[in-house]
Amino acid sequence: MERVFAEYLIETPYEVEQAAAVLAGEQSSGTFVSVPGETEELKKRFAARVEDIQLLDVADEPSIPGGSIPGKKYQKARVKVSWSIENFGYNLPVLISTLQGNLYEITQFTGLKLMDFEVPDSFATHYSGPKFGIKGSKLSCGVTDRPMIGTIIKPSIGMSVDETATLVKSLIDAGIDFIKDDELMGSAANSFFDDRVKAIMKVIRDNEQKTGKKVMYAFNISDEIDEMQRKYDLIQQEQGSCAMVSINSVGLAGTKKICDRGELVIHGHRNGWGMLNRHPLLGIEFPAYQKIQRLAGVDQLHVNGIQNKFWESDDSVVTSIQSCLKPFLGGYEILPVVSSGQWGGQAVETYRRTQTTDLLYMAGGGILAHPMGPKAGVNALQQAWTGAVDGLSVEETALKYPEFAESVKKFSK
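Keep in mind the model is a prediction, meaning the values are calculated, not measured.

Bringing the overall build of the chain into the picture now. Check the secondary structure of the chain and you find 17 helices and 13 strands. The C-alpha radius of gyration computed for the chain amounts to 24 Å, which stays within 12% of the reference 22 Å derived for 413 residues, consistent with globular compactness. Its C-alpha atoms give the chain principal-axis dimensions of roughly 75 × 45 × 40 Å. Each of the 413 residues in the chain was classed as buried or not, and the buried ones make up 54%.

In structure tokens form, the structure reads like this:
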């Protein structure tokens, strides 16, 4: 019978084998005490198995509150556990409940993080994955051999419909590929969702008629499920191409419900990510997280950015980008969305470390605050990526391109 495998980073003051066995029992057929119905036959078919244990370093203090044993150290380890697919079939919420359920509350652990998981190929017959992904997103914007260049509406909240539409027009005139609502923008008192969609899409359609280029705008449809469906319909009616979902707010089933429609590119915003990941020994690592979103059908997913304004290290960002580009179930493309304090100066290091242009590279102030205006800001980002792919340094690119040179003067630290 096919099995699902998961790898965890754990910390425990108990014997690692004992703690791992508790994990396997709690997340399958067992409980804190033997019960009459858990026969050997039942356990053989449904109990989780501890497949591998690799001991790591030892700590003097617990990473998070948990069980303590006087005089004991806290052993870290990588543990691989597997479950028969019979336990959950092709039910994504139950699969996630198995991989990430009550195990975080188990007394034996003073640290536990889901690092990655593997599902059998048969999942591909039940989950169609992203409908557009990397190729579809770039094709929709007419982009081929460079990243999509995008930006976010700023201020995040407070602008009227007309002010937002005017800003969108200036960004489109500047040559942008992609624009998105901020995750805080739903349907504000002075910017109702329906009015905003209609005004912005008129600007986008007018530009498409003049130039042939259709800019992708990700409207934030995050809401109750029925209302998300209605908002999705409106974007379609207005000939839009993308909807944004705050995937941690909407939840897995809600995200999948929207993705399953398959007519709009789904931009997955991971706001709240730090709550799931920031502690090194609690939560979930991005390689596992992005697989869940691929199974749900998300086309584009935020990965933070090199030299970002948040807490995440460059190494972590690179790992996130690489995990999105790694094949999964024979395809399931998902476009990494690089953002957070980005301007052209980070392009060189981003390309050096990832060797890809299959990105949506987003800059807010890096475009809107360019001293020569938004058009120069967009040009500077494109120039930065041209220089990066050509192997030029930031300094060499600045000597070659005047708009990028002004970015260096404005934004370099």
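Having put the structure on the table, let's press on.
Think of a sheet as strands paired side by side through backbone hydrogen bonds, with each pair either parallel or antiparallel. Here we have 8 strands rolled up into a closed barrel, ordered E5-E6-E7-E8-E9-E11-E12-E13, and parallel in their pairing. Between one strand axis and the next, the sheet turns by 30 degrees as a mean value, whatever way the strands run. Judged from the 2 bridges that link them, strand E12 (residues 335-338) and strand E13 (residues 360-362) form a sheet pairing that is parallel. Within the sheet, the bridge partner assigned to Val337 lies in E13 and is Leu360.

Our next topic: the packing of helix H9 (residues 252-259) against helix H11 (residues 286-296). With their axes 8 Å apart at the nearest point, H9 and H11 run at an angle of 45 degrees to one another. As summarised for this structure, H9 and H11 are arranged oblique, according to the angle between their axes. Here H9 contributes Leu252, Thr255, Lys256 and Cys259 to the contact with H11, which in turn contributes Ile292, Gln293 and Ala296. Its residues placed into classes, the contact of H9 with H11 shows 4 nonpolar, 2 polar and 1 charged.

In this section: the layout of surface pockets. Size it by volume and the largest pocket reaches roughly 570 Å³. Lining the largest pocket are 29 residues, with His269, Lys309, Phe310, Ser339 and Ser340 positioned closest to its centre. When contributions to the lining of the largest pocket are tallied by element, the ones reaching two or more residues are helix H10 (273-277), strand E11 (300-304) and helix H14 (365-368). Residue classes in the lining of the largest pocket are distributed as 8 nonpolar, 14 polar and 7 charged.

Reading guide: rules and limits
- Residues numbered from 1 in each chain as written.
- Predicted model: local features only at pLDDT ≥ 70, side-chain atom pairs only at ≥ 80, totals over all residues.
- Heavy atoms only, no water.
- Helix = DSSP H or I, 4+ residues; strand = E, 2+ residues; numbered from the N terminus.
- Rg over C-alpha atoms; globule rule 2.2 N^0.38 Å.
- Buried < 20%, exposed > 50% of the residue type's maximum accessible area, 1.4 Å probe, protein only.
- Pairing = 2+ DSSP bridges.
- Axes fitted to C-alpha atoms, helices over the stretch in contact; angles between N-to-C directions.
- Parallel < 35°, antiparallel > 145°, perpendicular 65-115°, else oblique.
- Contact = heavy atoms within 4.5 Å.
- Nonpolar A, V, L, I, M, F, W, Y, C, P; charged D, E, K, R; others polar.
- 1 Å grid on protein atoms, 1.4 Å probe; cavity = no way out; pocket = protein on both sides within 12 Å on 5 of 7 lines; lining within 4 Å.
- Points joined across faces, edges and corners; volume = space filled by probe spheres on them.

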